[in-house]
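Letter by letter, the chains look like this.
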Amino acid sequence: MTLFIVMYLPVFASYFGDYHIFVFQFIFPVYLFFMFIQYIKIKYSYVLILLSYLVLTFFAMLFFYDNKVVDIFHVASYLMILIGSYGFAIFILRNDSFNIKIMFRTILVIFFLSLFTEYFFAYLGFNNAHYWDFHIYDALVYMHGNPESTLNTFGNIGSGKGVTPAYALLSIASASYLYSKNKVRYFFFPIIGYLGLLTYSRAYLVSLFVYALFEILQTDFKKSFKYLLALFLLFIYIIYYYYDFINIFVRIDFGGSESISGRDVNESARMQLLMMQIQAISDKFIFGHGWSGMHQYFLDEFGRSSSGELGMVSFLSEQGIIRASYIYIIILASLYKTLQFIRSKNSLFKEVYAAGLLILTFNFFWGATSVSNTRTVIMWLLIFLVLNIKKNKDLTVR
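Residues numbered from 1 in each chain as written. Predicted model: local features only at pLDDT ≥ 70, side-chain atom pairs only at ≥ 80, totals over all residues. Heavy atoms only, no water.

## Observations regarding the overall build of the protein
Counting its secondary structure elements, the protein contains 16 helices and zero strands. Residues counted as buried form 50% of the 398 residues belonging to the protein. Once local pairs closer than 6 in sequence are excluded, the contacts in the protein between residues at least 24 apart make up 72%. Here the protein displays about 19,300 Å² of accessible surface, and carbon together with sulfur accounts for 68% of that area. (Helix = DSSP H or I, 4+ residues; strand = E, 2+ residues; numbered from the N terminus. Buried < 20%, exposed > 50% of the residue type's maximum accessible area, 1.4 Å probe, protein only. Contact = heavy atoms within 4.5 Å. Areas by Shrake-Rupley, 256 points an atom, 1.4 Å probe, with all protein chains shown as cover.)

## Quick notes on the confidence of the model for the protein
Across the protein, the average pLDDT comes to 77, with 75% of residues at or above 70. Model confidence for the protein, summarised as mean pLDDT per element, is weakest for helix H16 (residues 391-394) at 50 and strongest for helix H15 (residues 374-388) at 89. When the criterion is pLDDT under 50, residues 394-398 qualifies, and its contacts beyond four places in sequence or with other chains add up to 14 contacts. (pLDDT = per-residue confidence, 0-100.)

## Observations concerning the packing of aromatic side chains
Counted according to the given criterion, the structure contains 24 aromatic pairs. In this structure an aromatic cluster arises from ring pairing among Phe111, Phe112, Tyr179, Phe187 and Phe188. (Phe/Tyr/Trp six-rings, centres within 6.5 Å; stacked < 30°, edge-to-face > 60°.)

## Focus on the packing of helix H13 (residues 311-344) against helix H14 (residues 350-365)
Between H13 and H14, the shortest axis-to-axis distance is 11 Å and the interhelical angle comes to 155 degrees. Taken together, the axes of H13 and H14 are roughly antiparallel relative to one another. Considering only the axes of H13 and H14, their crossing is left-handed. Contact with H13, carried on its side by Gly311, Met312, Ile331, Ser334, Leu335, Lys337, Thr338 and Phe341, involves Lys350, Tyr353, Leu357, Leu360, Asn363 and Phe364 of H14 and no other residues of that element. Grouping the constituent residues of the contact of H13 with H14 by class yields eight nonpolar, four polar and two charged. (Axes fitted to C-alpha atoms, helices over the stretch in contact; angles between N-to-C directions. Parallel < 35°, antiparallel > 145°, perpendicular 65-115°, else oblique. Left-handed = near helix turned anticlockwise from the far one by under 90°. Nonpolar A, V, L, I, M, F, W, Y, C, P; charged D, E, K, R; others polar.)

## Here's the deal with the side chain of Ser317
The topology assignment puts Ser317 in helix H13. Only 2.8 Å separates the side chain of Ser317 from the side chain of Gln277, close enough to count as a polar contact. (Polar contact = N/O pair within 3.5 Å; in protein donor to acceptor, adjacent residues only side chain to side chain.)

## A few points about the pattern of salt bridges
Applying the stated criterion across every chain yields a total of one salt bridge. For the salt bridge of Lys350 with Glu215, the shortest nitrogen-to-oxygen distance reads 3.1 Å. Of this pair, Lys350 sits in helix H14 while Glu215 is found in helix H8 (residues 202-217), placing the two residues 135 residues apart along the sequence. (Salt bridge = Lys/Arg side-chain N within 4 Å of Asp/Glu carboxyl O.)

## Describing a nonpolar patch on the surface
On the surface, Phe225, Leu229, Phe232, Leu233 and Ile236 cluster together to form a nonpolar patch covering roughly 510 Å² of accessible area. For Phe225, the location among the structural elements is in helix H9 (residues 221-241). (Patch = residues over 30% accessible without salt bridge, like charges linked within 9 Å, V, L, I, M, F, W, Y side chains within 5 Å.)

## Quick notes on the nonpolar core
Of all hydrophobic cores here, the largest spans 99 residues; its most connected members are Leu3, Ile100, Met103, Phe104, Trp380 and Leu385. Looking at which element gives the most residues to this core, the answer is helix H6 (residues 163-178), with eleven residues. In contact with Trp380, other than residues within four places in its own chain, are Tyr78, Ile81, Leu82, Ser85, Phe315, Ile327, Ile330 and Ile331. (Core = buried A, V, L, I, M, F, W, Y, C linked by side-chain atoms within 4.5 Å.)

## Quick notes on H14
Helical periodicity: at 3.6 residues per turn, an α-helix aligns residues three or four positions apart in one direction. Look at H14: 24 Å from first C-alpha to last across 16 residues, which is about the 22 Å you get at 1.5 Å a residue. Across the 16 residues of H14, 14 count as buried, placing the element largely inside the fold. (Expected span 1.5 Å × (residues − 1).)

## Let's talk about unusual backbone geometry
Despite not being glycine, Phe349 shows a phi value in the positive range, around 60 degrees. Structurally, Phe349 can be placed in the loop between H13 and H14. What makes Phe349 buried here is its relative accessible area of 2%.

## Some words on H6
The end-to-end C-alpha separation of H6 is 22 Å, in line with the 22 Å expected for 16 residues at 1.5 Å each. In terms of burial, H6 is a largely internal element, 16 of the 16 residues being buried.

## Description of the packing of H6 against H14
Viewed as axis vectors pointing N to C, H6 and H14 meet at an angle of 170 degrees, and their least axial separation amounts to 9 Å. Judged on the interaxial angle alone, H14 and H6 are roughly antiparallel. The handedness of the crossing between H6 and H14 comes out as right-handed. Side by side, H6 and H14 meet where Pro165, Ala166, Leu169, Leu170, Ala173, Ser176 and Tyr177 of the first sit next to Glu351, Ala355, Leu358, Ile359 and Phe362 of the second. When the residues that make up the contact of H6 with H14 are grouped by side-chain class, the tally is ten nonpolar, one polar and one charged.

## Considering the environment of Pro10
For Pro10, the position within the fold is in helix H1 (residues 2-13). Judged by relative accessible area, which is 1%, Pro10 ranks as buried. Taking C-alpha positions, Pro10 is 9.1 Å from Asn373, a pair spaced 363 residues apart along the chain.

## Here we look at the environment of Ser201
If you trace the backbone, Ser201 turns up in the loop between helix H7 (185-197) and H8. Sequence spacing of Ser201 and Pro165 is 36 residues, and the spatial spacing of their C-alpha atoms is 6.7 Å.

## Focus on the environment of Ile331
For Ile331, the position within the fold is in helix H13. Judged by its relative accessible area of 7%, Ile331 is buried. Dropping the residues within four chain positions of it, Ile331 is found in contact with Met312, Phe315, Leu360, Trp380 and Ile383.

Written out as structure tokens, the structure is:
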């Protein structure tokens, strides 16, 4: 039920306009916090760390930020998301095998249900819903963005088309877990993979490559070497023979025979955004600009609103190095435990680690700081799942 509220309800509501975004900024945090705080048991030292973060935050608001009301709301919302997601993870791990199976089954259902919902509202004639063509266009069509008929539109709640490829990635991990000993997975993988490609999301493509590496490194050395070599040769083959296809995703010219967009790497939108973020970070490195302050800073300096993309960098520009370090430490701890798991060659809950790695990779390019964002909630849920899987259970082979 919680996953339906967090993942599907925003998708359904998004077809009725953008007014609901503020509602979900309130619903998500409050629901998660009060639903799952009862399951949390944390050490006294963690409470002190949390309090130190709050003290630093209120100090920054008092002396460095302009719009204190908006920032207080954002801090409260994001903390409730963190605490609620942590409690949700603890709840799932109380009966881990059963609840994780339910979680992955729900994610898979929501992905296909969301696709059906988009088609359903397109049939009803809603302007923000579209039928899809289900085929790959010529790259020239994508010089300046995606046509509306591509499979990238549902879930437009503070996240836009980023929800669709994220759900596809999580569905790949879900099918892998649910059908690990069943050939049905070979039916789901190409379908979900192809649907994900139809979103034309570059973050999806990178995350898919990370997932392939994750699976390869789980095998023994000889197999890993063979798979890595095959993956490398496949990559070279695609680049050489299907440069046009790759440029659909990249939309910049890397010097191939075709000049799809006529732009170099430095002119890409994400690279330009990164340069803007770096300037914002250098201006207020210690305490950051605050959430509302970042928006105003971008308007003043660059004549545009701040973007939710490059979420992992946004932590630093919004909160500054001191408070962002709290967030980065949690994320790095999750990545470290995932790397330990990969080295162990174990299989129990492998897909939980894989899903956590996928959503982190994806959210690096997309947003990870907006409290109304479904991907943010799922990211923290999977991070806390990884961190709370018991070490003794890591040694068990499924």
